Amino acid sequence: MTTDSNSATYAANRFSIAPMLDWTDRHCRYFHRLLTKETLLYTEMVTTGAIIHGKGDYLAYSEEEHPVALQLGGSDPAALAHCAKLAEQRGYDEINLNVGCPSDRVQNGMFGACLMGQAALVADCIKAMRDVVAIPVTVKTRIGIDDQDSYAFLCDFIGTVAGRGECDMFTIHARKAWLSGLSPKENREVPPLDYPRVYQLKRDFPQLTIAINGGVKTLEEAQQHLQHLDGVMMGREAYQNPGILARVDSEIFATQADVSSSVEIIESLYPYIERELANGTYLGHITRHILGLFQGVPGARQWRRHLSENAHKPGADARVVEQALDLVRLPRTELA
């Protein structure tokens, strides 16, 4: 997957934003795309059951989001293949299988991190999807689960999925997951990060494309990881401090594109807001994703408060955002 002619020859997965349940919905992704044209965006995890049996359109996205990947949750090869085919038909750029989420609800559905203990099944799932689509099929996983946390266990898992499953792209969250005893939030913070283990994995599987996830908070840290790996996935920092994304195209992808100010980014969001409101979307479903844009800027607290207090009121429209923007004391030519 390559970027447009305005960029270097870097693949989109050189830098990506993690799939985050209840966070990276289509409104979030549209907003993030205004900040960075090159970054690979991921959907929230969507289960095969929701896509096949759900009443809503769980594959909906805006064309402006490309490149965008769908993260699937499931462990039935036939169901995953069916959903992958639907996603390809809808124009998604990549399919990613979740083998990293440790929540009880996910385990009960027989997907997520518990699948690390069933490498052959994961391989079958990936192969089933690869057999029916031409777009990349990738895996996001951990470095281990519970007491199965040796480097040999990780290598066996990767080797099986890469060999039998013909998977050549992995994103590795550099923590193991505890399947019981820790909440999903604790599983993102308590197990220690082990970046060297992921670096070693790339050295031992040089033919694979390997990206790293977990604890990445700055673009400087991302650049350090890129000295060893093919890609970096940033999670909560990108969501809570989205202004960081405005530097990604130039610093990570080496593009020469003009960078808009944070004020201009918000103003460019107005047509999308108006379009979505006309389709019945509540303003608060959009504005919750933009609260962190002006971190460190005078008026940022008032910006957040005005949106939080007014976006959910009946009849709230783009004027609420305009009023909040007036509270941010930022020259139009400056970046946040």
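Please read these numbers as outputs of a predicted model, since none were measured by experiment.

Peer 1: Summarise the nonpolar core; cite the residues concerned and give the values.
Peer 2: Counting 108 residues, the largest nonpolar core has Phe15, Ile266, Phe294 and Trp303 as its most contacted members. Domain assignment of the residues forming this core places at least three in each of domain 1 (15-253) and domain 2 (262-329).

Peer 1: Please provide a residue-by-residue account of the pairing of strand S7 (residues 209-213), values included.
Peer 2: Of all five residues in S7, four are buried, a share of seventy percent or more. Of the pairings in the sheet, the one linking strand S6 (residues 169-173) to S7 comprises five bridges and is parallel in character. Directly across from phenylalanine 170, in S7, lies its bridge partner isoleucine 210. Once the chain exits S7 it traverses helix H9 (residues 219-225) before rejoining the sheet at strand S8 (residues 231-234), and the crossover so formed is right-handed.

Peer 1: Kindly report on the pattern of salt bridges, identifying the contributing residues and their values.
Peer 2: Enumeration according to the criterion identifies 15 salt bridges in this entry. Note that glutamate 65 is salt-bridged to arginine 29, the shortest N-O span being 2.5 Å. One end of the pair, glutamate 65, is in the loop between helix H2 (48-53) and strand S3 (68-73); the other, arginine 29, is in helix H1 (residues 26-35), with 36 residues separating them in the sequence. A single burial state applies to glutamate 65 and to arginine 29, both of which are buried. Taking the shortest distance from any N to any O, the salt bridge between arginine 164 and aspartate 124 comes out at 3.0 Å. Taken together, the residues arginine 164 in the loop between helix H6 (151-163) and S6 and aspartate 124 in helix H5 (residues 119-130) connect sequence positions 40 residues apart. We classify arginine 164 as partly exposed; its relative accessible area is 48%. Here aspartate 124 falls in the partly exposed class, since its relative accessible area comes to 30%. A cluster of three or more residues bridged by salt bridges with shared partners is formed by Glu220, Arg247 and Glu251.

Peer 1: Lay out the domain arrangement of the protein chain in plain terms, naming residues and giving numbers.
Peer 2: For the protein chain, the assigned domains are domain 1 (15-253) and domain 2 (262-329). Taken together, the contacts link 17 residues of domain 1 with 16 residues of domain 2. Summed over both partners, the interface of domain 1 with domain 2 comes to about 1400 Å²; 53% of that surface belongs to carbon and sulfur atoms. For domain 1, the biggest contributors to the area lost against domain 2 are His27, Phe31 and Leu34; these three give 39% of the whole. Our enumeration of links across domain 1 and domain 2 arrives at three salt bridges.

Peer 1: Please set out the UniProt feature "site: Interacts with tRNA" (unreviewed entry) in the protein chain residue by residue, giving values where relevant.
Peer 2: What UniProt calls "site: Interacts with tRNA" (unreviewed entry) maps, in this numbering, to Asn98, Lys185, Arg188, Arg301 and Arg304. For this annotated set, covering 207 residues, the C-alpha atoms extend up to 35.7 Å from each other, a dispersed arrangement in space. Lining residues of the largest pocket drawn from the annotated list: Asn98 and Arg188. Tracing the chain through its elements places asparagine 98 in strand S4 (residues 94-99). Apart from residues no more than four positions distant in its own chain, asparagine 98 is found in contact with Met45, Gln71, Leu72, Gly112, Leu115 and Lys140. A distance of 3.2 Å separates a polar atom in the side chain of asparagine 98 from a polar atom in the side chain of glutamine 71. Secondary-structure assignment places arginine 188 in the loop between helix H7 (184-187) and helix H8 (195-204). Arginine 188 gets classed as partly exposed once you look at its relative accessible area, which sits at 27%. What arginine 188 contacts, discounting residues up to four positions off in sequence, is Arg175 and Arg236.

About the criteria used
Residues numbered from 1 in each chain as written. Predicted model: local features only at pLDDT ≥ 70, side-chain atom pairs only at ≥ 80, totals over all residues. Heavy atoms only, no water. Core = buried A, V, L, I, M, F, W, Y, C linked by side-chain atoms within 4.5 Å. Buried < 20%, exposed > 50% of the residue type's maximum accessible area, 1.4 Å probe, protein only. Domains from an automatic or database assignment. Helix = DSSP H or I, 4+ residues; strand = E, 2+ residues; numbered from the N terminus. Pairing = 2+ DSSP bridges. Right-handed = clockwise from strand over helix to strand, strands pointing away. Salt bridge = Lys/Arg side-chain N within 4 Å of Asp/Glu carboxyl O. Contact = heavy atoms within 4.5 Å. Buried area = accessible area lost by both parts, 1.4 Å probe. UniProt positions renumbered as here; feature names shortened; annotations may be inferred. 1 Å grid on protein atoms, 1.4 Å probe; cavity = no way out; pocket = protein on both sides within 12 Å on 5 of 7 lines; lining within 4 Å. Polar contact = N/O pair within 3.5 Å; in protein donor to acceptor, adjacent residues only side chain to side chain.

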